[in-house]
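# Overview (structure and organization)
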Amino acid sequence: MTHDGYLATVELDEAAGLFHGEVINTRDVLTFQGRTPDELKTAFVDTIADYLDWCRERGKTPDKPFSGTFSVRVAPEVHRRAAAAAARAGKSLNGFVSDVLDRAAG
């Protein structure tokens, strides 16, 4: 489930009759729960709002879900072949890798 760019996983605790959710694309620990899907969604939205309020009150920048920048280490030969493939496609290496990742991620 997603809200404002934040992504959460959900598990069902059958014994307790509760859904438990956890935001997975931030370093901060954000969890929520609900007995029904509607309660769970409301709790998720409220958790994100509470987190943003908490950060604002403390002058802390909220951990953004994803910045769009990351480093990847590959073997020099892979780097060379990727750069050559990017050049053949008329793209920068960043543009080429972005396109390949986008297709792979579906």
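Residues numbered from 1 in each chain as written. Predicted model: local features only at pLDDT ≥ 70, side-chain atom pairs only at ≥ 80, totals over all residues. Heavy atoms only, no water.

### What about the sheet that holds strand β4 (residues 31-34)?
- One open sheet accounts for 4 strands, arranged β1-β2-β3-β4; its pairing is antiparallel. A strand with exactly one partner marks an edge of an open sheet, and here the two such strands are β1 (2-3) and β4.
- Direction of pairing for strand β2 (residues 6-13) relative to strand β3 (residues 18-23): antiparallel, over a ladder of 6 bridges. The residue bridging Thr9 from the neighbouring strand is Glu22, located in β3.
- Contacting β1, β2, β3 and β4, helix α1 (residues 37-58) crosses the sheet at an angle of about 155 degrees to β4. (Pairing = 2+ DSSP bridges. Helix = DSSP H or I, 4+ residues; strand = E, 2+ residues; numbered from the N terminus. Contact = heavy atoms within 4.5 Å. Axes fitted to C-alpha atoms, helices over the stretch in contact; angles between N-to-C directions.)

### Points about a nonpolar patch on the surface
- A grouping of Phe70, Val72, Val74, Val78, Leu93, Val97 and Leu101 is seen on the molecular surface, where their side chains present a nonpolar patch of about 580 Å² in accessible area.
- If you tally residues by element for the nonpolar patch, the top one is helix α3 (residues 93-105), at 3 residues.
- Here Leu101 lies in helix α3.
- Judged by relative accessible area, which is 42%, Leu101 ranks as partly exposed. (Patch = residues over 30% accessible without salt bridge, like charges linked within 9 Å, V, L, I, M, F, W, Y side chains within 5 Å. Areas by Shrake-Rupley, 256 points an atom, 1.4 Å probe, with all protein chains shown as cover. Salt bridge = Lys/Arg side-chain N within 4 Å of Asp/Glu carboxyl O. Buried < 20%, exposed > 50% of the residue type's maximum accessible area, 1.4 Å probe, protein only.)

### Quick notes on the packing of aromatic side chains
- Taken as a whole and assessed by the stated rule, the structure comprises 2 aromatic pairs.
- Seen from their ring centres, Tyr6 and Tyr51 are 6.3 Å apart, and the 85 degrees between their planes marks the pair as edge-to-face. Here Tyr51 lies in helix α1 and Tyr6 lies in strand β2, a separation of 45 residues in the sequence. For the pair formed by Tyr6 and Tyr51, the shared burial category is buried.
- On the basis of an interplanar angle of 20 degrees and a centroid distance of 4.8 Å, the ring pair of Phe32 and Phe44 is categorised as stacked. (Phe/Tyr/Trp six-rings, centres within 6.5 Å; stacked < 30°, edge-to-face > 60°.)

Fair warning: the whole summary comes from geometry, so function is off the table for now.
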